[in-house]
Amino acid sequence: MEKILEVKDLHVTFSTYGGTVKAVRGVNFHLNKGETLAIVGESGCGKSVTSNAIMRLIPDPPGKISKGEIIFRGKDLTKLSEKKMRGLRGVDISMIFQDPMTALNPTLTIGTQLKEGLQQHRKISSDAAEVKAIEMMDLVGIPSPKERLKQYPHQFSGGMRQRIVIAMALICEPELLIADEPTTALDVTIQAQILELFEKIQEVTGVSIILITHDLGVVAKIADRIVVMYAGKIIEVGTKREVFYQPEHPYTKGLLNSVPRLDLQGEKLTPIDGTPPDLFSPPAGCPFTARCPFAMEVCDKVYPTGTTLSETHQVDCWLQDDRAKRLLATTAATTAEK
Amino acid sequence: MKIRIGTEASQSTDQVPDDWFNWKKKDKEEAESVARPSMSYWQDAWKRLIKNKLAMLGLIFLILLGFMAIFGPILSPYSVKIQDLPNQYQPPSSDHWFGTDSHGRDVFTRTWYGARISLFVGLMAALIDFTIGIVYGGISGYKGGRTDSILMRIIEILYGLPYLLVVILLLVVMGPSLTTIIVALTVTGWVGMARIVRGQVLQIKNYEFVLASKSFGTKTPRIIRKNLLPNTMGPIIVQLTLTVPSAIFAEAFLSFLGLGIQAPHASWGVMANDSLGAILSGNWWTLFFPAFFISFTMFAFNVLGDGLQDALDPKLRK
Amino acid sequence: MLRYILKRLLIMIVTIWIIVTLTFVLMISIPGSPFNSERGTNENVQANLEAHYNLDKPYHIQYLLYLKSIATFDFGPSIKQPGQTVNDLLGRGFPVSLELGLVTIIVAVISGIILGILAALKHNGILDYAAMSFAVLGISIPNFVLATLLIQELAVNWQIFPPATWSSPAHMVLPVIALATGPMAIIARLTRSTMLEVLTQDYIKMARAKGLSPWKIVVKHALRNALMPVITIMGTLLASILTGTFVIEKIFAIPGMGKYFVESINQRDYPVIMGTTVFYSTFLIFMLFLVDIAYGILDPRIKINKKGGE
Ligand SMILES: Nc1ncnc2c1ncn2[C@@H]1O[C@H](COP(=O)(O)OP(=O)(O)OP(=O)(O)O)[C@@H](O)[C@H]1O
Ligand code: SF4
Ligand SMILES: [Mg+2]
């Protein structure tokens, strides 16, 4: 399969007055053409920072991509000039944000906002842009698009606005769409409609999608592969089947346990006791140690090397080490004796 | 294809000693200590305020000014009121540190006396605004519904009144005095505070509602106490800090118009007004000292207010 | 939109009515008659006043007739300036004050907005600190203090500008600086903070994600939204400039309404005080109304909102 994006050893830091926040600490993953990759994890684990880094939209200062590569179609985005990057944004890579209520400028018409991306990047007349805008509105399912182009954002419902935002992101036919919690701010029935829309546009346009979410129901519905993040690291990655049915990382297991049924919509990831570590001074070892029911002495001291379980399934956990397996076996035996 | 996920794992797995593979002793405290040491909101805000050099400069100036306002007139051998015409317009000297004015009165003494008036007016206005604002805004926000919309309509109308004109009118009728100035200022001044208090009360109500509906259970009061109350107090404190300089300005302005404290009593506005003619003849000190202190006091309150705003508003945490 | 305008209109009328009623109540509550001859009023003026205020009639009739005279813009005679009516004074003084006020507001708005935007775009840079230090000084120094300092330095010591009166553009410089600095500082601070806030909004992020250039983002997406709050404080600023003219005209001996007003206060010339208060209040409240309408036009959200603006 063709990789359209590959992120290698990405580090992002924010220098704040309280110290340096190590928000993303060595993240590796890739995206295949035409697939949907879900990034899940608790609030603050670095999902948005990772996706903003791909767009090179980390506010600088205070933020900085301190290390790593982001290879998109053979080019390292971290090395591009801001001007070249601007030529890519909205054209090759698009992004949509969590809250459709605030993602649209309240004082400009929908039409202006839809067309401006197109007019920025392509030599195109206003009329031609309008035709394209109407086509996009149609694609995302907004009735009587021609009239509605003249309206302002407040004249649309939340679900409608999110459709418009999606149309805006797709108008230049990008190869990669990054959706940062696109359904979180919507109510459940609207969420389902928007997810269907994602499936439809992927079918129609073949766009690859990175989907960031808290919501395992969303993941179950449309993801092909899943990346699980914790405290600025990816701790497990695999296909949807692998992560849902053979999760190996205790954190992933905890997440899944917290959701009674996978088809349940809107369940939030706040299951496991305790809070993630401080990203000002993250622990040297496994960041999950403080909350992990299986924590061993080694976990505190050394970060677990990634273990490859299958072509597509990797996990960062010391439990994969043979010695830990032996320890587990003996413990199981002694408890059984009692 | 093997992808290494972790990158800090520079040590190869084999080098890790076997005896580290033992269950870690679980202790609760460690789990706590890993979390970011949570300073209380106020400590946090105070820390940020201290880092703000301008705000600290303002605070220190105000403390010194408060001290001199209390003790300055006592320390000086001269009286505020008694005229000493032969000694008029003495430039600053070791006898009269700030010189003397057109009636031979000691400017140093009168300046601290003026500080008393200004600080008193400013603090009283803030206190009264605060009291009325809390009650009115609190009722409005807490009751909601019809009460709220009626109270807010009233505020909307009062807000449209040109307040200094109303104050002038009141003073003309009531006759100028310290009390009437404070009354006149607060008759119109509480409106802003009431609006802010109402907004904050609504926010608390909203939060309670959200929390209750999400059934956080026992944590609710704690969240309100630890996060919400401080956050809602922030804007109120800032508003208080900014009420003081505007009241001080209003007093000086009115005194300057002849509607404030009456001569021979001293207020910075009165002193500035008295010395209007004097500057043309070169007796700059009669104007300079009241002008400097009035400006610097307003400056101090303003930078302190700005500093507090930055320190208390969690959104602005840098 | 129509509903919105009607609502604002109603509020405006109520507010004006409150001011008018307030002046009336205060007038009749002044101990003794405000127009007593022992206060130095001559017989002729006294008669004029009694006729104008219908002092021989009961209060409620007086009140109604007072309302009527105000509605016809008849503010009655002055006590201290025999033969002059309040309308005469307004006719002479107001144009001068209006000129001063207009020049001031134009200077304040333009320089304040420019300063605020520059500070926001160079956030935390030297320009930002310089502009904001200047602004905090601007709001801290009372206009009458600034005025006297300007006279002392630029007129007396350096003799660059004339110290008083209102007869040429050069005469305008010092009073306008003295009057405009405060409002300019307020506008600059407000523009900067809203601009900074707008720049963190999702729709700005969205615009960046579309690949728009920073310049385009500022002009097309940020500026308009950032200037909205500036419009909302225009009413308050106008009021403070207007009251500012009282002291500025007094200091610079400018023959405007402010100067007459201050004189009337010192002489307790009640009809002039009341007339000017009512006139200026009406003027300001009307300006506030215009500001609200302008806001409604500029913010598309208000047009459709059935409740109108909240
Ligand atoms: N501008 C910033 N300045 C300082 N720290 C930041 C900034 N942006 C993000 N961070 C830090 O980076 C970390 C990761 O944030 P991020 O927004 O990626 O979380 P997230 O996984 O998207 O969470 P959520 O689910 O809440 O959106 C957080 O701990 C946050 O404190
Ligand atoms: S490495 Fe250790 S602490 Fe981390 S998840 Fe695995 S067992 Fe738990
Ligand atoms: Mg996020």
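A. Quick look at empty space enclosed by the protein. Residues and elements named next belong to chain B. As enumerated under the stated definition, the model contains nine cavities of 30 Å³ or more in all. Listing elements by their share of the lining of the largest cavity, those giving two or more residues are α4 (107–143) and α9 (268–274). Tallied by class, the residues present in the lining of the largest cavity amount to four nonpolar, three polar and three charged.

B. Representation of the site of ligand 1. All names here are of chain A. Every one of the 14 residues lining ligand 1 counts as a neighbour, but S43, G44, K47, S48 and V49 are closest to it. Here C45 contributes a backbone N or O atom positioned 3.2 Å from an oxygen atom of ligand 1. One of the backbone N or O atoms of G46 is found 3.1 Å from an oxygen atom in ligand 1. Out of a free accessible area of 630 Å², ligand 1 has 68% covered by protein chains. When residues of the shell around ligand 1 are traced back to their parent elements, those giving at least two are β1 (3–16) and α1 (47–55). The dominant element in the shell around ligand 1, judged by the number of residues it contributes, is α1, at three residues.

C. Representation of the packing of helix α4 (residues 86–121) of chain C against helix α5 (residues 126–140) of chain C in the model. Residue and element names in this part refer to chain C. In contact at an axis separation of 8 Å, α4 and α5 are set at 140° when each is read in the N-to-C sense. As summarised for this structure, α4 and α5 are arranged oblique, according to the angle between their axes. Read as a crossing pair, α4 and α5 show a hand that is left-handed. Residues L115, L118 and A119 of α4 pack against L127, D128, A131, M132 and F134 of α5. Looking at the contact of α4 with α5 residue by residue, the class counts come to seven nonpolar, no polar and one charged.

D. Representation of the packing of helix α3 (residues 53–75) of chain B against α4(B) within the structure. All names here are of chain B. Where α3 meets α4, the axes come as close as 8 Å, and the angle between the chain directions of the two elements is 130°. Overall, the two elements α3 and α4 adopt an arrangement that is oblique. Crossing of α3 over α4 shows left-handed handedness. For the pair α3 and α4, contact is made by L65, G66, M68, A69, I70, G72, P73 and I74 and by F108, T109, W112, Y113, A115, R116 and L119, respectively. Residues that form the contact of α3 with α4 fall into these classes: 11 nonpolar, three polar and one charged.

Definitions and limits used
By convention here, each chain's residues receive numbers from 1 onward along its written sequence. The lettering of chains begins at A and the numbering of ligands begins at 1, in the order of writing. It should be noted that, the model being predicted, local features are given only for residues of pLDDT at least 70 and side-chain atom pairs only at 80 or more, the latter also being counted only at that level, while totals for whole chains, interfaces and linings use all residues. As a rule here, side-chain values come from all non-hydrogen atoms in the structure, and water together with hydrogens is ignored. For each structure, a 1 Å grid was placed over the protein atoms alone; sets of points admitting a 1.4 Å probe that cannot get out are labelled cavities, open sets with protein on both sides within 12 Å along at least five of seven lines are labelled pockets, and lining residues have an atom within 4 Å of a point. Grid points are joined across faces, edges and corners, and a volume is the space filled by probe spheres set on the points. Only DSSP runs of H or I with at least four residues qualify as helices, and only runs of E with at least two residues qualify as strands; both kinds are numbered from the N terminus onward. We call Asp, Glu, Lys and Arg charged. Ala, Val, Leu, Ile, Met, Phe, Trp, Tyr, Cys and Pro are nonpolar, and the rest, Gly among them, are polar. When at least one non-hydrogen atom of a residue lies within 4 Å of a molecule or strand, that residue is treated as near it. For this analysis, a polar contact is any N or O atom pair within 3.5 Å, provided that within protein one partner can donate a hydrogen and the other can accept it, and provided that sequence-adjacent residues contribute only side-chain to side-chain pairs. Only the protein chains shown count as cover for residues, with accessible areas throughout obtained via the Shrake-Rupley method and a probe of 1.4 Å. To define axes, lines are fitted to C-alpha atoms, for helices over the stretch in contact only, and angles between the resulting N-to-C directions are given on a 0 to 180 degree scale. Note on angle classes: values under 35 degrees are labelled roughly parallel, values over 145 roughly antiparallel, values of 65 to 115 roughly perpendicular, and the remainder oblique. Left-handed describes a crossing whose near helix is turned anticlockwise from the far helix by less than a right angle; the clockwise case is right-handed. Contact criterion: two residues are considered in contact whenever any of their non-hydrogen atoms come within 4.5 Å of each other.

Read these as geometric descriptors, not functional statements.
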